[in-house]
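One-letter residues, chain by chain:
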Amino acid sequence: MIDIDIDAFVAATLAEDLGTVGDITSAAVIPADARFTAVMDSRDPIVVAGLELAEAFFRTLDPAVKIERLVEDGDLVAAGTELMRLEGLARAMLTAERSALNTMQHLSGIATMTRGYVDAIRGTGAILLDTRKTIPGLRVIEKYATRMGGAQNHRMGLWDSAMIKDNHVAVAGGVAEAVRRARAAGIERIIVEVDRIDQIEPALTAGATHLLLDNMAPPTLREAVALVAGRVPTEASGGVRLDTIRAIAETGVTYISVGRLTQSAPAADIGLDFAAA
């Protein structure tokens, strides 16, 4: 289940596409009572995400549309796999097509990239996290897609934990002082970004509950993990790529966060093919 107002999301997306006059092509070319069957399928191997939203686009424009879901979100499917079959009013289906596909392609692309990173660290004990590097307005559904790919959601927003970064430290006058101020404000979950080994002990002594080890090479990460010695979770972040994540995971960090999951994932190749009913 995707934790958003699906009706509002669908309405806003369709409004963007339809403007004030609607789908002029379908209205001109397709008889009002014409019916079509359609198959949505994957053109590449993908991890599926977004079926619930895609179905909502079609049902909004044709409440009587018949939809048969053939896979589930989170499934890894081969190229050529049928995802759903539809039968209903042709105009409505053609009008909803692009919005439904855009959503499925974007979310499945995120889920597919995420699964690749999860597979790369399998067996190490490290847990993959997503970030706040999301498209404005799409954070909830993009983070849903990373979950479908096997990642763990991390920080849904600025409200759910303190994240003390280098600019906070600069203004506060030091790592320890920034942490002390967060604790004085009554914040229980305090994540502190450190990019040097000598910042670790002051952060922990002041009360950090989670350390983000920023842009550290694997040898430095090992040193940091040994120094922390399990007192708080450790998170490697910054410049993590598919070809480097395994070595990072093997340093013993608790988590690895990857912004590119939501920032740079290519759209999955998904199509909708029509045939006369």
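Residues numbered from 1 in each chain as written. Predicted model: local features only at pLDDT ≥ 70, side-chain atom pairs only at ≥ 80, totals over all residues. Heavy atoms only, no water.

Turning our eyes to something else, we now look at the pattern of salt bridges. Scanning the model with the defined rule gives 16 salt bridges in all. Between Asp41 and Arg43 there is a salt bridge, and its shortest N-O distance comes to 3.1 Å. Arg85 is the salt-bridge partner of Glu82, the closest N and O atoms lying 2.8 Å from each other. Residue classification places Arg85 among the partly exposed residues on the basis of a relative accessible area of 36%. Sharing partners across several salt bridges, the network here consists of Asp41, Arg43 and Asp273. (Salt bridge = Lys/Arg side-chain N within 4 Å of Asp/Glu carboxyl O. Buried < 20%, exposed > 50% of the residue type's maximum accessible area, 1.4 Å probe, protein only.)

With respect to topology, six strands assemble into an open sheet ordered 6-11-10-9-8-7, the strand pairing being parallel. Looking at which strands have only one partner, the edges of the open sheet turn out to be strand 6 (127–129) and strand 7 (162–164). Pairs of neighbouring strands in the sheet enclose a mean axial angle of 25°, with direction left out of account. In terms of strand pairing, strand 9 (residues 210–214) meets strand 10 (residues 234–237) through four bridges, oriented parallel. Residue pairing for strand 10: Leu213 is matched across the bridge by Ala236. Where helix 7 (residues 175–184) meets the sheet, its contacts fall on strand 7 and strand 8 (190–194), and the angle it forms with strand 8 comes to roughly 170°. (Pairing = 2+ DSSP bridges. Helix = DSSP H or I, 4+ residues; strand = E, 2+ residues; numbered from the N terminus. Axes fitted to C-alpha atoms, helices over the stretch in contact; angles between N-to-C directions. Contact = heavy atoms within 4.5 Å.)

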